[in-house]
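Take a look at the letters that make up each chain.
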Amino acid sequence: MGSAKKSNSAERKARIEEMRRAERARERRNRILTITASVVVVAALAVGGVVLVQSQSDDDAAASDSSTGKFVTGKDGVKTWEGKLSRTHVTKDVSYPMEPPVGGDHHQAWMNCNGDVYTEELNNVNAVHSLEHGAVWVTYTSKAAKKDVDALAAKVKQTPYTLMSPDEKQKDPIMLSAWGAQRTVTSADDPNVAKFFEKYVQGDQTPEPGAACTGGLSK
């Protein structure tokens, strides 16, 4: 009888020990699976984050303008672009070599430029398309006198193939731009304003003379 009890007790202990070993093995496997799954999730999140950031960077990055050349300042104070001004239609913003730009790659939609006066800064890629149609673009900063801004706005409103907008990124308070040409003026009374308009509104520099200045964007 005693021998049978000892045998049963030994078997029971053996089964318990086996069950404990099996439980410990399951726990080890579960820990390994949990750690592995965590690593996979973290890695996936990291890769996804990199892809997302890269995608956002690609979306936000401005394309470089493919124009080549440089400004040359004439005796009349007008800076003329000597070189190539690209005319490729693009869907992204463009990083131009000058501000405001006087040409280069641009969006297929132009800003309305039938004497349009805008009170907010324009997207350069749309305004450049207006220049391609022969428009003169009047831009100003907050340093420009209000009387000059008002007087220039009145002139623009009376002149087809012109547009006007603020541009805080430009170097001087008041600037005039056409396709391939640009100059600074001191005020609305500066005689160079009229000279620039006369020469460059639908001037010889226009890549697409007669193209519309309506039917585009109005901001």
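So, here is what we can say about the structure in this document. As the structure is a computational prediction, the values presented were derived from the model and not from experiment. (Residues numbered from 1 in each chain as written. Predicted model: local features only at pLDDT ≥ 70, side-chain atom pairs only at ≥ 80, totals over all residues. Heavy atoms only, no water.)

### A word on the environment of Asp-148
Move 1: Along the polypeptide, Asp-148 turns up in helix H3 (residues 146-157).
Move 2: Assessed through its relative accessible area of 7%, Asp-148 is described here as buried.
Move 3: Put simply, Asp-148 and Ala-188 are 40 residues apart on the chain and 4.9 Å apart in space, counted from C-alpha to C-alpha. (Helix = DSSP H or I, 4+ residues; strand = E, 2+ residues; numbered from the N terminus. Buried < 20%, exposed > 50% of the residue type's maximum accessible area, 1.4 Å probe, protein only.)

### Here we look at the environment of Pro-166
Move 1: By the secondary structure assignment, Pro-166 is in strand S7 (residues 162-166).
Move 2: In this structure Pro-166 comes out as buried when scored by relative accessible area, which is 11%.
Move 3: For the pair Pro-166 and Val-117, spaced 49 residues apart in sequence, the C-alpha to C-alpha distance is 9.6 Å.
Move 4: Ignoring any residue separated from it by four or fewer positions in sequence, one finds Pro-166 in contact with Tyr-118, Thr-119, Glu-120, Glu-121 and Tyr-140. (Contact = heavy atoms within 4.5 Å.)

### Concerning H3
Move 1: The end-to-end C-alpha distance of H3 is 16 Å, a good match for the 16 Å that 12 residues give at a rise of 1.5 Å each.
Move 2: Contacts made by the buried residues of H3 are with strand S5 (114-117), strand S6 (136-140), S7, strand S8 (174-178) and helix H4 (191-200). (Expected span 1.5 Å × (residues − 1).)

### Some remarks on the packing of aromatic side chains
Move 1: Counting across every chain of the model gives two aromatic pairs.
Move 2: An angle of 85° between the planes, with centres 5.3 Å apart, marks the rings of Phe-71 and Trp-81 as edge-to-face. Of this pair, Phe-71 sits in strand S2 (residues 68-73) while Trp-81 sits in strand S3 (residues 79-84); the two residues are 10 residues apart in sequence, bridging distant segments of the chain.
Move 3: On the basis of relative accessibility, which here comes to 22%, the residue Phe-71 falls in the partly exposed class.
Move 4: For Trp-81, a relative accessible area of 11% gives the class buried.
Move 5: Look at Phe-196 and Tyr-200: their rings are 4.5 Å apart centre to centre, the planes differ by 40°, and that puts the pair in the tilted class. Residue Phe-196 and its partner Tyr-200 are both found in helix H4; the two are separated by four residues, about one turn of the helix. The exposure classification of Phe-196 matches that of Tyr-200, with both residues buried.
Move 6: Just above the ring of Phe-71 sits the side chain of Lys-79; from NZ or CZ to the centre is 4.8 Å.
Move 7: Taking the ring centre of Phe-197 as reference, the NZ or CZ of Lys-155 above it sits at 4.9 Å. (Phe/Tyr/Trp six-rings, centres within 6.5 Å; stacked < 30°, edge-to-face > 60°. Lys NZ or Arg CZ within 6 Å of the ring centre and 35° of its normal.)

### Looking at the pairing of S6
Move 1: Most of S6 sits inside the fold, with five of its five residues counted as buried.
Move 2: Burial along S6 is two-sided: Val-136, Val-138 and Tyr-140 and Trp-137 and Thr-139, pointing in opposite directions, are all buried.
Move 3: Two strands pair when backbone bridges link them, and S6 and S7 are joined in this way by five bridges, in the parallel orientation. Paired with Tyr-140 across the strands is Pro-166, a residue of S7.
Move 4: Read from S6 through H3 to S7, the crossover connection turns out right-handed. (Pairing = 2+ DSSP bridges. Right-handed = clockwise from strand over helix to strand, strands pointing away.)

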